[in-house]
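Remarks on the overall topology
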Amino acid sequence: MAVLLDSAATRAPSVPSGAPATPAGAVTRRAVSGSVHSWDLSSGLDGPGTRFVTFLSGCPLTCLYCHNPDTMRMRSGTRTSADDMVAEADKYTTFIRAAGGGATISGGEPLLQPVFAGELLHRYKHELGLHTALDTSGFLGTRATDALLRDADLVLLDIKSWDRATYREVTGRPLEPTLDFARRLAALGKEVHVRFVLVPGLTDDPANIDGVAAFAASLGNVSRVDVLPFHKLGEAKWRALGKPFTLHDTPPPTPGQVAAAREVFASRGLHAV
């Protein structure tokens with residue numbers, strides 16, 4: 001499968017020393033474009049407050065419960081410049097700041113386009129003065145430069161299972177790259193929200209949940225855990241793409257099951273919601 005790589009011109013020179021120490025004074029710009037699926041304003045699970053969320057196209061994982069399977073292929077997106085995305089986000093900055101929000105780069109998997117994702121994070125943070133978040137599975141964590149991570153105030157890290165066989169069944173990929181990335185974020189002192197999807201009969205084994213919880217608690221930089229109930233809202237998209245939705249007969253977890261999973265994380269000293 002052909003992979004569409006994000007492109008960039010040489011980064012513009014930094015602002016000379018003595019320039020005002022403001023977010024705008026620190027901004028640099030590159031002529032970068034990437035494959036964008038869509039953007040949205042959201043509140044809830046994309047980081048604190050109301051967020052301008054940019055969904056990039058392309059993902060190396062094939063999660064069975066993906067609710068946006070149309071983002072898996074990079075060529076399904078629209079080629080878009082960083083300038084255009086920043087201009088779009090700028091329309092909402094007053095509202096976003098008033099709502100205590102920021103900007104999130106999501107997907108798909110944004111680290112499949114690390115140059116483009118990094119440029120957006122940099123400019124959302126320094127040019128628009130917004131709190132920034134990177135939403136990632138961590139599988140491509142080695143593609144995230146230290147500079148990219150410095151421009152992410154928060155990382156939303158999906159840890160989809162602790163059991164290695166289950167993780168591969170869910171995603172089609174191995175778990176270790178995600179764990180390595182999580183350890184790197186901890187070493188950098190980067191704030192992390194762990195996200196865990198609770199799927200009955202797949203990820204809901206108490207030992208599996210506790211494995212994720214123990215690992216997250218060991219890192220020291222996880223400020224929140226989102227236990228996300230499995231749902232089938234993306235099933236119609238799978239059908240439209242001519243792909244089987246293999247979890248069609250899987251029920252969503254009950255409120256009691258969700259509460260029990262949160263309690264496992266809480267027992268490890270984590271703030272679970």
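Just so it is clear, the structure is predicted and the values come from calculations on it, not from any experiment. (Residues numbered from 1 in each chain as written. Predicted model: local features only at pLDDT ≥ 70, side-chain atom pairs only at ≥ 80, totals over all residues. Heavy atoms only, no water.)

A count of helical and extended segments in the chain gives nine helices and eight strands. What you see for the chain is a C-alpha radius of gyration of 19 Å, in line with the 19 Å of a compact globule of 273 residues. Taken along its principal axes, the extent of the C-alpha atoms in the chain is 55 × 45 × 35 Å. Here the chain holds 273 residues, and the buried ones make up 51% of them. Here the analysis covers contacts within the chain between residues at least 6 apart in sequence; of these, 73% occur between residues at least 24 apart. Carbon and sulfur atoms provide 56% of the accessible area of the chain, an area that totals close to 11,900 Å². (Helix = DSSP H or I, 4+ residues; strand = E, 2+ residues; numbered from the N terminus. Rg over C-alpha atoms; globule rule 2.2 N^0.38 Å. Buried < 20%, exposed > 50% of the residue type's maximum accessible area, 1.4 Å probe, protein only. Contact = heavy atoms within 4.5 Å. Areas by Shrake-Rupley, 256 points an atom, 1.4 Å probe, with all protein chains shown as cover.)

In this fold, K190 is placed in the loop between helix 6 (176-188) and strand 7 (192-198). Within polar-contact distance, the side chain of K190 engages the backbone oxygen of A152 at 2.7 Å. Not counting residues up to four positions away in its chain, the partners in contact with K190 are L149, R150, A152, D153, V155, L185 and N221. (Polar contact = N/O pair within 3.5 Å; in protein donor to acceptor, adjacent residues only side chain to side chain.)

You can see T104 is positioned in strand 4 (residues 102-106). A distance of 3.0 Å separates a polar atom in the side chain of T104 from a polar atom in the side chain of R51.

With that out of the way, let us pick up the sheet that holds strand 4. Strand order in the open sheet made by the eight strands is 3-1-2-4-5-6-7-8, with mixed pairing throughout. The open sheet has two edge strands, strand 3 (78-81) and strand 8 (222-229), and neither has a second partner. This sheet shows a mean twist of 30 degrees between the axes of neighbouring strands, independent of strand direction. Bridge count for strand 5 (residues 131-136) against strand 6 (residues 154-158) is four bridges, and the pairing is parallel. Each bridged residue has a counterpart across the sheet, and for T136 the counterpart in strand 6 is L157. The sheet contacts of helix 9 (residues 255-267) involve strand 7 and strand 8, and relative to strand 8 the element is tilted by about 160 degrees. (Pairing = 2+ DSSP bridges. Axes fitted to C-alpha atoms, helices over the stretch in contact; angles between N-to-C directions.)

One pass over the structure, following the stated rule, counts 16 salt bridges. We note a salt bridge from R195 to D158, for which the minimum N-O separation is 3.2 Å. With R195 in strand 7 and D158 in strand 6, this pair connects stretches of sequence that are 37 residues apart. Comparing R195 with D158 shows no difference in burial state: the two are buried. Among the charged side chains, a network of salt bridges with common partners joins R29, D83, R123 and E127. (Salt bridge = Lys/Arg side-chain N within 4 Å of Asp/Glu carboxyl O.)

A few words on the packing of aromatic side chains. Evaluated as defined, the whole model comprises seven aromatic pairs. Here the aromatic rings of W39 and Y92 are separated by 5.5 Å at their centres, their planes lie at 45 degrees, and the arrangement is tilted. You can see W39 sitting in strand 1 (residues 33-43) and its partner Y92 sitting in the loop between helix 1 (82-90) and helix 2 (93-98), a full 53 residues away along the chain. Judged by its relative accessible area of 24%, Y92 falls in the partly exposed class. Measuring from centroid to centroid gives 5.5 Å for W162 and F215, while their planes differ by 35 degrees, and the two rings are tilted. (Phe/Tyr/Trp six-rings, centres within 6.5 Å; stacked < 30°, edge-to-face > 60°.)

A few words on the environment of A266. Relative to the elements of secondary structure, A266 occurs in helix 9. Separated by 49 residues in sequence, A266 and A217 have C-alpha atoms that sit 9.7 Å apart.

For an α-helix the count is 3.6 residues per turn, leaving residues at separations of three or four pointing the same way. If you check helix 3 (residues 114-126), its first and last C-alpha atoms are 18 Å apart, about what 13 residues at 1.5 Å a residue would give, namely 18 Å. Of all 13 residues in helix 3, twelve are buried; the element is thus mostly enclosed. By the burial criterion, the buried members of helix 3 are P114, F116, A117, G118, E119, L120, L121, H122, R123, Y124, K125 and H126. (Expected span 1.5 Å × (residues − 1).)

Moving on to the pairing of strand 5. Of all six residues making up strand 5, five are buried, and the element is well covered by its neighbours. Across four bridges, strand 4 lies against strand 5 in parallel orientation. Residue pairing for strand 5: I105 is matched across the bridge by L134.

On to the packing of helix 1 against helix 3, then. The N-to-C vectors of helix 1 and helix 3 enclose an angle of 35 degrees; their axes lie 10 Å apart at closest approach. Crossing handedness for the pair helix 1 and helix 3: right-handed. Listed contacts from helix 3 to A82, D83, M85, V86 and A89 of helix 1 are F116, E119, L120, R123 and Y124. (Left-handed = near helix turned anticlockwise from the far one by under 90°.)

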